[in-house]
Amino acid sequence: MLLRKIVLTAAKMSNVFEYSTKDLIHLTNSWSQDEPFELSQFDEELRKRWEAAMKNGVFRYDIDHITTRIIPGPKHYVAQLNLPRAKERRKPQDIRSINQPFNGSEFNFTWVDQKEVVFYLKRKNCQSALRKCETVEDGIHDGAQQVDSEDGFEAKQVMYNGMSDSQILSKTDCNRNAVIINVSPMEYGHVLLVPHIDACLTQMLTESSIQACLEMILLSKHRGFRIGFNSLCAFASVNHLHFHAYYLEHELIIDHCPAQHLVGGLHEMTAIPVPGFAFQLHNSTVKDLSRHVYKVSSFFHKADIAHNLFINRGVVFGEERHSVNTTVRVFIWPRRKFIGTKSAEEFNVASIELAGHLPIREEKGYETLTEECVDAIIADSQLPHGHYEQLKQQLVEMFTPAHSLQES
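Parameters at a glance
Residues numbered from 1 in each chain as written. Predicted model: local features only at pLDDT ≥ 70, side-chain atom pairs only at ≥ 80, totals over all residues. Heavy atoms only, no water. Pairing = 2+ DSSP bridges. Helix = DSSP H or I, 4+ residues; strand = E, 2+ residues; numbered from the N terminus. Axes fitted to C-alpha atoms, helices over the stretch in contact; angles between N-to-C directions. Expected span 1.5 Å × (residues − 1). Buried < 20%, exposed > 50% of the residue type's maximum accessible area, 1.4 Å probe, protein only. Contact = heavy atoms within 4.5 Å. 1 Å grid on protein atoms, 1.4 Å probe; cavity = no way out; pocket = protein on both sides within 12 Å on 5 of 7 lines; lining within 4 Å. Points joined across faces, edges and corners; volume = space filled by probe spheres on them. Nonpolar A, V, L, I, M, F, W, Y, C, P; charged D, E, K, R; others polar. Parallel < 35°, antiparallel > 145°, perpendicular 65-115°, else oblique. Left-handed = near helix turned anticlockwise from the far one by under 90°. Polar contact = N/O pair within 3.5 Å; in protein donor to acceptor, adjacent residues only side chain to side chain. Phe/Tyr/Trp six-rings, centres within 6.5 Å; stacked < 30°, edge-to-face > 60°. Lys NZ or Arg CZ within 6 Å of the ring centre and 35° of its normal.

Draft legend 1. Just the sheet that holds strand β4 (residues 78-81), in detail. Spatial ordering of the open sheet is given by β3-β4-β20, a layout of three strands whose pairing is mixed. The sheet is open, and its two edges are formed by β3 (67-70) and β20 (357-360), each paired on a single side. Averaged over all neighbouring strand pairs, the angle between strand axes comes to 25 degrees, with direction disregarded.

Here's what the structure looks like:
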């Protein structure tokens, strides 16, 4: 059996963006205010380093060629033509199962050149553990995954497919939440957040990774900074835990669409053809929001349901589109599985497409797509109505206070 030695070190890193909870920005100007985009220290540092990498030829192509078209209709889908991304991006891995184990012999983000690393995110009060050398035998993880404790950084023992996570160190190093450029950028500032990069986690959400995403978006003051996640069988390209983050200077339907309250912090969003569930940071905390989102994603994973997640700034649920009361919104969609490598249609239906942003592969589709056509393509990814309604009822029961108390 092929062995791959993964060396985990505690080498001193100067390439660290350190922050505290005081640096988290909970309120940004809204799209309706029509004011210039604002930048935080995090934005300025990320953008400076991203532009330097572009200048130094680290990317496979520049983004000057990207054109944007707002598709007529009430949803105002934002279509962008980006032909080089379709032709020059790394070939996606062949994904066959939501539980497909990490495979160290295939590309993963420990392979990237250091010039592709923007920086490592570190919360100042995060206590990191020393790393050591460890040999991981391919396949030994067999779906093993960390479960995060209440503080978000302690890994517990858990069983998946009959195997334990003893091959993953018992403590994760919060210095190693890597922010890496996407060498085939979709838009300006396109990077990947790879939580606990050396742990080589499969593409499965964890509570601490969700918390890292929420803190990352709160570090940004730009209302168009966005984060997306695709599970396996939901158009994830690489089976190594990662999130896409980028800037888009166009409002999306996801920024203002209504969300119907179901129970507790759980809401439902039906503004696009694939219905899904929603949460917001308003009247909550980062820790509680992370826990609630993970509760849903864990439920989906155990039920063998592919899913996509999107995090963005937008108006508080229940407010009008032009409200200045903004918050962080989180959406998670259960969806039909996609098995195999990615298709060559006008666009795949993954997290950003479900949010209303459409990177188009070919010029004809870019020029001719109508809102009705987009709706039809997106709708093809929805679960059967009866299955979705069953999931919704189960989630409502899970978030009903009496049920939650019984669980605890």
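Structure's up, so let's keep going.
Draft legend 2. View of helix α1 (residues 41-55). With 15 residues, α1 ought to run about 21 Å at 1.5 Å a step, and its terminal C-alpha atoms sit 21 Å apart, in line with that. Those residues of α1 lying buried are F42, D43, E45, L46, R47, W50 and A53. Directly after α1, the chain includes G57, whose backbone phi takes a positive value near 75 degrees.

Draft legend 3. Broad picture of the sheet that holds strand β14 (residues 243-247). Read across the sheet, eleven strands follow the order β2-β5-β11-β12-β14-β13-β18-β19-β17-β16-β15 without closing on themselves; strand pairing throughout is mixed. Of all strands in the sheet, those with a lone pairing partner are β2 (16-19) and β15 (260-263), marking the two edges. Across this sheet, the average inter-strand angle for adjacent strands is 25 degrees, counted without regard to direction. Where strand β17 (residues 276-280) and strand β19 (residues 326-335) come together, four bridges link them in antiparallel fashion. Each bridged residue has a counterpart across the sheet, and for F279 the counterpart in β19 is V330. Each of β2, β5 (117-123), β11 (177-181), β12 (191-194), β13 (225-230) and β14 touches α1; the most contacted strand, β5, lies at about 160 degrees to it.

Draft legend 4. View of the pairing of β2. By the alternation rule, side chains of β2 split into F17 and Y19, which are all buried, and V16 and E18, of which none is buried. Taken together, the four bridges between β2 and β5 define a ladder with parallel strand orientation. By the bridge assignment, F17 is partnered in β5 with L121.

Draft legend 5. Spatial organisation of empty space enclosed by the protein. Evaluated as defined, the whole model comprises eight cavities of 30 Å³ or more. Within this model, the largest cavity holds a volume of roughly 330 Å³. Contributing to the lining of the largest cavity are 20 residues, with R85, R89, M186, E353 and P359 lying nearest its centre. Every element with two or more residues in the lining of the largest cavity is listed here: α2 (83-88), α5 (351-354) and β20. The element best represented in the lining of the largest cavity is α5, accounting for three residues. A class-by-class count of the residues in the lining of the largest cavity yields eight nonpolar, seven polar and five charged.

Draft legend 6. Just the packing of helix α3 (residues 207-219) against helix α4 (residues 286-302), in detail. For the pair α3 and α4, interaxial distance at closest approach is 8 Å and the crossing angle is 130 degrees. One element, α3, and the other, α4, form an angle in the oblique class. Viewed along their axes, α3 and α4 form a crossing whose handedness is right-handed. In this structure, α3 contributes E207, I210, Q211, L214, E215 and L218 to the contact, and α4 contributes V286, L289, S290, R291, V293, Y294 and S297. A breakdown of the residues in the contact of α3 with α4 according to their chemical character gives seven nonpolar, three polar and three charged.

Draft legend 7. Focus on the environment of S40. Examined against the element boundaries, S40 turns out to sit in the loop between β2 and α1. Note: C-alpha distance between S40 and I25 (15 residues apart in sequence) is 8.7 Å. Discounting residues that sit within four places of it in the chain, S40 has contacts with I25, L219, S220 and K221. A distance of 2.6 Å separates the side chain of S40 from the backbone oxygen of L219, its partner in a polar contact.

Draft legend 8. Structural view of the packing of α4 against helix α8 (residues 385-399). In contact at an axis separation of 11 Å, α4 and α8 are set at 140 degrees when each is read in the N-to-C sense. One way to sum up the angle between α4 and α8 is to call them oblique. Of the two possible hands of crossing, α4 and α8 adopt the one that is right-handed. Counting all contacts with α4, which are made through H292, K295, V296, F299 and F300, the residues of α8 involved are L391, Q394, L395, M398 and F399. Partitioning the contact of α4 with α8 into residue classes produces seven nonpolar, two polar and one charged.

Draft legend 9. Focus on the side chain of H357. Considering the arrangement of structural elements, one finds H357 in strand β20. Residue H357 is classed as buried on the basis of its relative accessible area of 0%. Of note is the side chain of H357, whose polar atom sits 2.8 Å from the side chain of Q80. Setting aside its immediate chain neighbours within four residues, H357 contacts V78, Q80, M186, E187, Y246, L248, L252 and I352.

Draft legend 10. Representation of the packing of aromatic side chains in the model. Inspection of every chain in the model, using the stated rule, returns 19 aromatic pairs. Plain terms: the ring middles of F277 and Y388 are 5.4 Å apart, the flat faces sit at 20 degrees to each other, and that makes the pair stacked. Here F277, found in strand β17, pairs with Y388, found in helix α8; they are 111 residues apart in sequence, far enough to count as distant. Comparing F277 with Y388 shows no difference in burial state: the two are buried. Within the aromatic cluster, the residues linked to one another by ring pairs are F17, F42, W50, F59, F119, Y188, F225 and Y247. Sitting above the plane of the F37 ring, R223 keeps its charged end 4.3 Å from the centroid.

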